Amino acid sequence: MEPFALKNALGNVRNTTPLVHCITNYVTVNDCANALLAIGGSPIMSHEPEDVRDITSICGGLVLNIGTLDERSVAGMFAAGERAGELGHPIVLDPVGAGASALRTRMAGDLLDRLPVSVIRGNMSEVKALAGGAATTRGVDVCPDDAVTEDNLASAASFARGFAAKTGAVVAITGAIDIVADAQRAFAVRNGSALMGRITGAGCMLTCVCAAFAVANSDSLLESQVAGVAGMGLAGQVAEGRMGAPDGNASFRTYLIDALYRLGGEALEAGARVAQLD
Amino acid sequence: MEPFALKNALGNVRNTTPLVHCITNYVTVNDCANALLAIGGSPIMSHEPEDVRDITSICGGLVLNIGTLDERSVAGMFAAGERAGELGHPIVLDPVGAGASALRTRMAGDLLDRLPVSVIRGNMSEVKALAGGAATTRGVDVCPDDAVTEDNLASAASFARGFAAKTGAVVAITGAIDIVADAQRAFAVRNGSALMGRITGAGCMLTCVCAAFAVANSDSLLESQVAGVAGMGLAGQVAEGRMGAPDGNASFRTYLIDALYRLGGEALEAGARVAQLD
Amino acid sequence: MEPFALKNALGNVRNTTPLVHCITNYVTVNDCANALLAIGGSPIMSHEPEDVRDITSICGGLVLNIGTLDERSVAGMFAAGERAGELGHPIVLDPVGAGASALRTRMAGDLLDRLPVSVIRGNMSEVKALAGGAATTRGVDVCPDDAVTEDNLASAASFARGFAAKTGAVVAITGAIDIVADAQRAFAVRNGSALMGRITGAGCMLTCVCAAFAVANSDSLLESQVAGVAGMGLAGQVAEGRMGAPDGNASFRTYLIDALYRLGGEALEAGARVAQLD
């Protein structure tokens, strides 16, 4: 990915402390806040429609995560998104559970249609549902049939590029193999740990981390998202390496955020397994 | 508990990854999700009335926890519960704070009256309040006068069986000694750790674990709940054994979920202290 | 601080298990509950207007934290606050993000105007905004220009005393140097760790801890708040001392709550760095 270096993207986050407004679900919100602080950003959460314009105005970017959407938070998402659009802030959309319910599929679609979304970060089932394709997910996890593998990687990348072209957003589809694409280019990221699927919130945290990278690297949006996705995956590997005999998923959660906190630019460059796809 | 073995109940959870829809409080929701993942299930949270029918439809069971109830979440509980009833999914009710406020007592009662609840999991004060008996609790903790002891165990078991007969649900009353009963049989479970009372969420997590056991063992509901209660208690003992000199309740919380993650069928069989009561 | 000893204040918390009703934000609510349990109190969370009068009635004190306020939780705050006032319970107000949005500034002001608030706990930017002074904050963090330093300590203490005189509340302004003041006296507390700014919730947890100290020490409100602030700071120092090479902010969070749990009266007396200001 020369001349843009992954470590520069991380350095820009660490040096600028991007303030990110998060309208997100209450399941993983604490982890999202601590993950943002770990990577070098600063979180502020607010969903009340009367409050969100002011809050977005003092931030640099916006996360919209529909994991536990309700009437009030959705109204807040639209109000905040409009303001973020006026200010040119990157908006990162996490369509949690799109495909799992009609409401989620429709709301994720409406947010994408009506707001200038910069990045879409989800699993393949969610992104397919958002794109109007497959209409089933296994709750908040990827449907096995949708998982990106070495065998279907080329077609998955093609889908990601196409959806990026249609929406104007960078598309980050994460799973065992991650794909990060804009309309022209697609990258595969082969970092990560299977344990990330045994905790709640790995995806939600990544979405917030991606927002911090987007805010701090506005001139290199695609590359910044590759850096965020690779950084999170590498943190997962570090966390897995720290697991002792009695440790389970709760310790892994702690180690994962710790690893984001400790992530260095040189380690990211050395450990990132990024490949541009044809 | 022959011929049904506790390890089989756990094995059924691990082998089928029961998807559990949780409408639960925002205090302990993250721990609930990670506890469900630890035991081998998969959580999805949604409280929005417009969303819950679809979400329940793709799940195998439903948790209703009134710990931070409000208008919208209660409406979601009824809508989800009706759908779960149509589908024959087990519903596990956790009447957090019943007896502590008129609203909680009434709402817990309404949920129980109007929905086909399969399992009631609470402390003795909450279950008594739900049964129309004692009307006081010390917040979300059991009232000392209500605690189950060796001395009042027989009458507590009789109460549990009677309430199970009246409601048609399995009744799991947890505390220093746990009682799990249906209309015919009652079991005492003597696992657990006093430290479980020094964290928030041990009860909420148990309720979700019980739901996973209920979904995965639909032919042996009573036995499955004994397995869930004993498993959680044993995890508490393992977590207590792991406590080092500087550790406090936050480490205990991590160790507890870790222990659920590591819980094996043979260890459960060997460590469970279950006795059928006359 | 003779003859009132910090260790007595802590002992009163440990010996009476103060039950604290918290209407607080969903970002840090789990940490707030576990911090309250760690220090020796007991939490109950409820925001629903129909529920809060009953819940406050069985508690000893009330926390109002506007970190993720919305229509319903604000209505609950006023209802609970009125009831707490009737009962003479201490109310601790945490004006999270006051100054960051018009709504937060106004709501924090309204709560202060209409309810008999006993303690105000915030960072200097928030407290200034509440006092009608500076109107900007960097999200939920203190604005660098507002930070209390050795150079501006005297004027900061004078401000705190003045605001305490105006409101009738004890004012606890926390940061690198903490100030705790009533109308007559101000204390500087020089405990703490910079890592407390790298997790979410250190302030929210402190607010809850302060409430437990207020409930358990109603005859010595000012001194009790000095004890709570010093105790939290000391816990931060202990937690920092426990950090190992791979640890990050997630481990620090665990260690901080653990340290509250392990905090002893003698250690508090020996470690507290409290100085009365002229």
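Worth saying up front: this structure is predicted, and the values here are computed from it rather than measured.

A few words now on the relation of the copies chain C and chain B. Of the two same-sequence chains, chain C is brought onto chain B (RMSD 0.0 Å, axial shift 0.0 Å) by a rotation of 120 degrees. This pairing of chains is accounted for by a three-fold axis. Rotation axis and chain C: the residue whose C-alpha lies nearest the axis is Y26 of chain C, separated from it by 3.7 Å.

Moving on to the side chain of N25 of chain C. Residues and elements named next belong to chain C. Along the chain, the position of N25 falls in the loop between β1 (19-23) and α2 (29-39). A polar side-chain atom of N25 sits 2.9 Å from the main-chain amide nitrogen of V27. Polar side-chain contacts of N25 include one of 3.0 Å to the backbone nitrogen of T28.

Let us now look at the interface of chain C and chain A. On the chain A side, the residues contacting the 35 residues of chain C number 30 residues. Between chain C and chain A the total buried area reaches about 2,700 Å² when both faces are included, carbon and sulfur atoms providing 48% of it. One can count four salt bridges joining chain C with chain A. R104 of chain C serves as the salt-bridge partner of D51 of chain A, at 2.8 Å between the closest nitrogen and oxygen. On the surface where chain C and chain A come into contact, there are 20 residue pairs in polar contact (both at pLDDT 80 or more). When contributions to the side of chain C that touches chain A are tallied by element, the ones reaching two or more residues are α5 (102-114) and α10 (249-262) of chain C. The residue inventory of the side of chain C that touches chain A, partitioned by class, reads 13 nonpolar, 12 polar and 10 charged.

Here we take up the sheet that holds strand β2 (residues 42-45) of chain B. Residues and elements named next belong to chain B. The sheet built from nine strands is open, its strands ordered β2-β1-β3-β4-β5-β6-β7-β8-β9 with mixed pairing. Of all the strands in the sheet, just β2 and β9 (274-277) have a single pairing partner and so form its edges. If you compare each strand with its neighbour and ignore which way they point, the axes differ by 20 degrees on average. Strand direction decides the pairing type here: strand β4 (residues 91-94) and strand β5 (residues 119-122), joined by two bridges, are parallel. By the bridge assignment for β5, L93 is matched with I120.

This paragraph deals with the interface of chain C and chain B. Between chain C and chain B, the residue contacts involve 30 residues of the former and 34 residues of the latter. Taking both sides of the interface into account, the surface hidden between chain C and chain B amounts to around 2,700 Å²; carbon and sulfur atoms contribute 48%. Summed over the shared surface of chain C and chain B, the result is four salt bridges. Among the ionic pairs, R106 of chain B bridges to E50 of chain C, the shortest N-O distance being 3.6 Å. Put simply, chain C and chain B have 21 residue pairs in polar contact (both at pLDDT 80 or more) between them. Of all elements in the fold, only α2, β2 (42-45), α3 (49-58) and α10 of chain C reach the threshold of two or more residues within the side of chain C that touches chain B. Sort the elements by how many residues they give to the side of chain C that touches chain B and α2 of chain C lands first, with seven residues.

On to the packing of helix α1 (residues 6-16) of chain C against helix α8 (residues 202-216) of chain C. Residue and element names in this part refer to chain C. At a closest axis distance of 8 Å, the pairing of α1 and α8 adopts a crossing angle of 90 degrees. Relative to α8, α1 is oriented roughly perpendicular. Contacts between α1 and α8 pair A9, L10, N12, V13 and T16 from the former with A212, F213 and A216 from the latter. Here the residues of the contact of α1 with α8 sort into six nonpolar, two polar and no charged.

Conventions used here
Residues numbered from 1 in each chain as written. Chains lettered and ligands numbered in written order. Predicted model: local features only at pLDDT ≥ 70, side-chain atom pairs only at ≥ 80, totals over all residues. Heavy atoms only, no water. Least-squares fit on C-alpha atoms with pLDDT ≥ 70 in both. Helix = DSSP H or I, 4+ residues; strand = E, 2+ residues; numbered from the N terminus. Polar contact = N/O pair within 3.5 Å; in protein donor to acceptor, adjacent residues only side chain to side chain. Contact = heavy atoms within 4.5 Å. Buried area = accessible area lost by both parts, 1.4 Å probe. Salt bridge = Lys/Arg side-chain N within 4 Å of Asp/Glu carboxyl O. Nonpolar A, V, L, I, M, F, W, Y, C, P; charged D, E, K, R; others polar. Pairing = 2+ DSSP bridges. Axes fitted to C-alpha atoms, helices over the stretch in contact; angles between N-to-C directions. Parallel < 35°, antiparallel > 145°, perpendicular 65-115°, else oblique.

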